[in-house]
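Architecture at a glance
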Amino acid sequence: MLNELFPNLKMEEMWVATYETLYMTVISVIGTIILGILLGLLLFLTEKGNLWQNYLLNIITASAVNIFRAIPFIILILLLFPFTDFLMGTIRGPKAALPALIIGAAPFYARLVEIAFKEVDKGVIEAAKSMGAKTHTIIFKVLLPESMPALISGITVTAIALISYTAMAGVIGAGGLGDLAYMKGFQRRDFDVVFACTIFIVIIVFIFQFIGDTLSRKLDKR
């Protein structure tokens, strides 16, 4: 039955492509969480009235975030070729896609992090300050715990965007399901391969969405 529906599909290639997509997604999600939270903290803390109020630093950070958010991902990959080659020693394969994936997604997630922090009750922050809590204590004991459900929801949305980014990266040789769909499917006119890759990508999206929704519900205190 499977051979009749997908006569040109080789399951060995499909499993390798799926592994590469998952590898790129998981590693880039981890990198995006770290960089995105750091940028989000900087955006939030340097705003007027907050702990590190600094207009110039806030403007510089916000401008950098907005610029990288505005660059289409496929163009960002091309712009980062020299940096990727220097950092990874290659511009092809799943590892080579990681810098562009993280740099492309982190600014988007940073804005979601900033929004999540703004939703934290300012009274809780002020109470912690009045009790003599230092900045790092406020960050790790107040901001992050109180905003965790929103942070999880934000990274879920970002992870799904990253899955689509991996598919675009595959078109220029990063591997994964996007590469398989384009190189072995579209270019050879084997559209059953394209369809099979689409199904696998949709399944991965549903898995990430389910995990994100489950974690967010468990952490939500309301």
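Please read these numbers as outputs of a predicted model, since none were measured by experiment. (Residues numbered from 1 in each chain as written. Predicted model: local features only at pLDDT ≥ 70, side-chain atom pairs only at ≥ 80, totals over all residues. Heavy atoms only, no water.)

Description of the overall build of the protein
This is how the line gets drawn: A helix here means a DSSP run of H or I that spans at least four residues, while a strand means a run of E at least two residues long, and both kinds are numbered starting from the N terminus. Burial classes: relative accessible area under 20% of the type maximum marks a residue as buried, over 50% as exposed, and values in between as partly exposed (1.4 Å probe, protein chains only). In what follows, residue pairs with any heavy atoms lying within 4.5 Å of each other are defined as contacts.
A tally of helices and strands in the protein yields 10 helices and 0 strands. Moving toward the C terminus, one meets the helices and strands of the protein in the order α-α-α-α-α-α-α-α-α-α. Buried positions account for 42% of the 222 residues belonging to the protein. At a minimum sequence separation of 6, the contacts of the protein that also span at least 24 residues come to 72%.

Examining helix α10 (residues 191-219)
Heads up, the condition is: Take the residue count of a helix, subtract one, and multiply by 1.5 Å to get its expected span.
The end-to-end C-alpha distance of α10, which contains 29 residues, comes to 42 Å, matching closely the 42 Å that a straight helix rising 1.5 Å per residue would cover. Taken together, the buried positions of α10 are occupied by Asp192, Val193, Ala196, Cys197, Phe200, Ile204, Phe208, Gly212 and Ser216.

A short note on the packing of aromatic side chains
Selection criterion: Between 30 and 60 degrees the pair is tilted, below 30 it is stacked and above 60 it is edge-to-face, where a pair is any two Phe, Tyr or Trp rings, Trp via its six-membered ring, whose centres lie within 6.5 Å.
Considering all chains together, one arrives at 4 aromatic pairs under this definition. Taking the centre distance of 4.4 Å and the plane angle of 5 degrees together, the rings of Phe73 and Tyr165 count as stacked. In this pair, Phe73 is assigned in helix α4 (residues 73-79) and Tyr165 in helix α8 (residues 135-171), connecting sequence segments 92 residues apart.

Notes on the packing of helix α2 (residues 11-45) against helix α6 (residues 94-118)
Note the cut-off: The axes are straight lines fitted to the C-alpha atoms, using for helices just the contacting stretch, and the angles between their N-to-C directions are given from 0 to 180°. Angular relationships are summarised with four words: roughly parallel below 35 degrees, roughly antiparallel beyond 145, roughly perpendicular across 65 to 115, and oblique for the angles in between. The sense of a crossing depends on the near helix, which, turned anticlockwise from the far helix by less than a right angle, makes the crossing left-handed and, turned clockwise, makes it right-handed. Residue polarity follows a fixed list, in which Ala, Val, Leu, Ile, Met, Phe, Trp, Tyr, Cys and Pro are nonpolar, Asp, Glu, Lys and Arg are charged, and the others, Gly among them, are polar.
Their axes nearest at 5 Å, the elements α2 and α6 cross at an angle of 40 degrees. Here α2 lies oblique to α6, going by the angle between them. As α2 runs across α6, the sense of the crossing is right-handed. Of the residues belonging to the contact of α2 with α6, the class tally is 21 nonpolar, 5 polar and 5 charged.

Concerning the nonpolar core
Condition: Buried Ala, Val, Leu, Ile, Met, Phe, Trp, Tyr and Cys residues form a nonpolar core when they are joined through side-chain atoms within 4.5 Å.
Counting residues in hydrophobic clusters, the biggest one holds 47 residues, and the most contacted among them are Met14, Phe73, Leu101, Phe117 and Leu143. Secondary-structure elements contributing two or more residues to this core are α2, α4, α6, α7 (122-130), α8, α9 (176-186) and α10. Considering every element that reaches this core, the biggest residue donor is α8, with 12 residues.

Let's talk about the pattern of salt bridges
Once their charged atoms are close, side chains differing in charge can pair, the charge on each being opposite to the other. As a reminder of what qualifies: Salt bridge criterion: a side-chain nitrogen from Lys or Arg within 4 Å of a carboxyl oxygen from Asp or Glu.
Under the defined criterion, the tally for this structure stands at 4 salt bridges. Residues Glu47 and Lys118 are paired through a salt bridge, measuring 3.1 Å at the closest nitrogen-oxygen approach. Of this pair, Glu47 sits in the loop between α2 and α3 (55-70) while Lys118 sits in helix α6, and the two are 71 residues apart along the sequence. Between Arg111 and Glu114 there is a salt bridge, and its shortest N-O distance comes to 2.8 Å. Placement of the pair is Arg111 and Glu114 together in helix α6, with a separation of 3 residues, close to one helical turn. For the pair shown, Arg111 and Glu114 are each scored as buried. Salt bridges sharing partners connect three or more residues here, namely Glu47, Arg111, Glu114 and Lys118.

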